[in-house]
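Examination of the molecular architecture
Given next are the chains, with one letter for each unit.
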Amino acid sequence: RTPPHLQTHHRRHLAALDAMRASPDHLLSHRLKTAVIGEDESGVVTYNTSLVALLNHYGTVPRACQPYRAKTKGKVERPFRYIRQDFFLARTFRNIDDLNAQFDLWRTGIANQRTHATTLRVVDEAFAEEQPSLKPLPAIPSDAVLTVERRVSHEGMISVAGNYYSVPDTTRKRVLEVQNHTHEVRIFEDGALIATHPVLEGKNQRRVDPAHRKAPPIHRKKPEKTPGIARRSLDFYGAVGERMAAQGAHQ
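Now for a description of the structure that goes with this document. Predicted model only: the values in this text are computed from it and were never measured.

1. Focus: the side chain of Glu189
Tracing the sequence through the fold places Glu189 in strand 9 (residues 184–189). No salt bridge is formed by the buried Glu189. Its closest oppositely charged neighbour is Arg172, at 4.3 Å.

2. Digging into the sheet that holds strand 11 (residues 206–207)
Consider a sheet: its strands pair through backbone hydrogen bonds, and that pairing is either parallel or antiparallel. One open sheet accounts for three strands, arranged 6-7-11; its pairing is mixed. Because the sheet does not close on itself, it has two edges, and the strands there are strand 6 (157–160) and strand 11. Note: strand 6 against strand 7 (residues 163–166), four bridges, orientation antiparallel. Opposite Ser159, over in strand 7, you have Tyr164 as the bridge partner.

3. What about the packing of helix 1 (residues 6–20) against helix 2 (residues 49–57)?
At a minimum axis distance of 11 Å, the contact between helix 1 and helix 2 shows a crossing angle of 20°. Considering their axes alone, helix 1 and helix 2 lie roughly parallel with respect to each other. Between helix 1 and helix 2 lies a crossing of right-handed hand. Here helix 1 contributes Leu6, His9, His10, His13 and Leu14 to the contact with helix 2, which in turn contributes Ser50, Leu51, Leu54 and Leu55.

Reading the values: rules and limits
- Going along each chain's sequence as written, the residues are numbered from 1 onward.
- With the structure being a predicted model, the display of local features is reserved for residues of pLDDT at least 70 and the display and counting of side-chain atom pairs for 80 or more, all residues being used for whole-chain, interface and lining totals.
- Only hydrogens and water are set aside; all other atoms, that is, all heavy atoms of the structure, feed into the side-chain values.
- Note on conventions: DSSP H or I runs of at least 4 residues are helices, E runs of at least 2 residues are strands, and numbering of each starts at the N terminus.
- Working definition: with a 1.4 Å probe on protein chains only, accessible area under 20% of the residue-type maximum means buried, over 50% means exposed, and in between means partly exposed.
- Here Asp and Glu are counted as negative and Lys and Arg as positive; His is not counted, and neither are the chain ends.
- In the sections that follow, a salt bridge refers to a side-chain nitrogen of Lys or Arg positioned within 4 Å of a carboxyl oxygen of Asp or Glu.
- Should DSSP find at least two bridges between two strands, the strands are taken to pair.
- Only C-alpha atoms enter the line fits that serve as axes; for helices the fit covers just the stretch in contact. Angles between N-to-C directions range over 0 to 180 degrees.
- An angle below 35 degrees is treated as roughly parallel, one above 145 as roughly antiparallel, one from 65 to 115 as roughly perpendicular, and anything else as oblique.
- Each crossing gets its hand from how the near helix is turned against the far one by less than a right angle, where anticlockwise is left-handed and clockwise is right-handed.
- By the convention used here, residues are in contact when the closest approach between their heavy atoms is within 4.5 Å.

Below, the structure written as structure tokens:
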């Protein structure tokens, strides 16, 4: 499985905390680079500083799974297998919004109402008993920021986490500063904010803000010339009319 991008990893943590409406003392995590960046010979784990800063805002400490220990790793993996087998099988989705809507109904109506096979407790009831021991969420949610520099393509796009976002046609510099917030991409030129985009999910997605593109120039269509007929001045036609009138008088 491809590891998630750092900001995607952060958004998933925030969504989980928001769904629980509380935060735990510790958060068990895989040893992905978005969580664990090293371990010394004595077993002391070094965590991703961005993740530590995010969880610190909620009073939570990351805890990595023990390597090659199925008991802790299984606690992380087993719910995903249950979701794949019980929710995704034999379902179809019109789009991501439809998937999320169906998942929310399944989660509240089926998954959380079942008796857990290991604890033998109803999931919703067990969580209701444990929630008072969790910490309340802070009044202001975290807005973790990852700042990077990105080069503007010849199409007026920048790449962030495998997706592409537009910048205005009036942008002068070819390298811009990008603030990748948990839910928004902000693009700066010389310290000035020039573009904002909601974060795209997945890979190779594109978002173009219509306001970033100049309207094409209007080309007025020239009147078509009638073949074989030359354009002449009004004086010419006036002279022809006088000659025809004189010839008619003589006749």
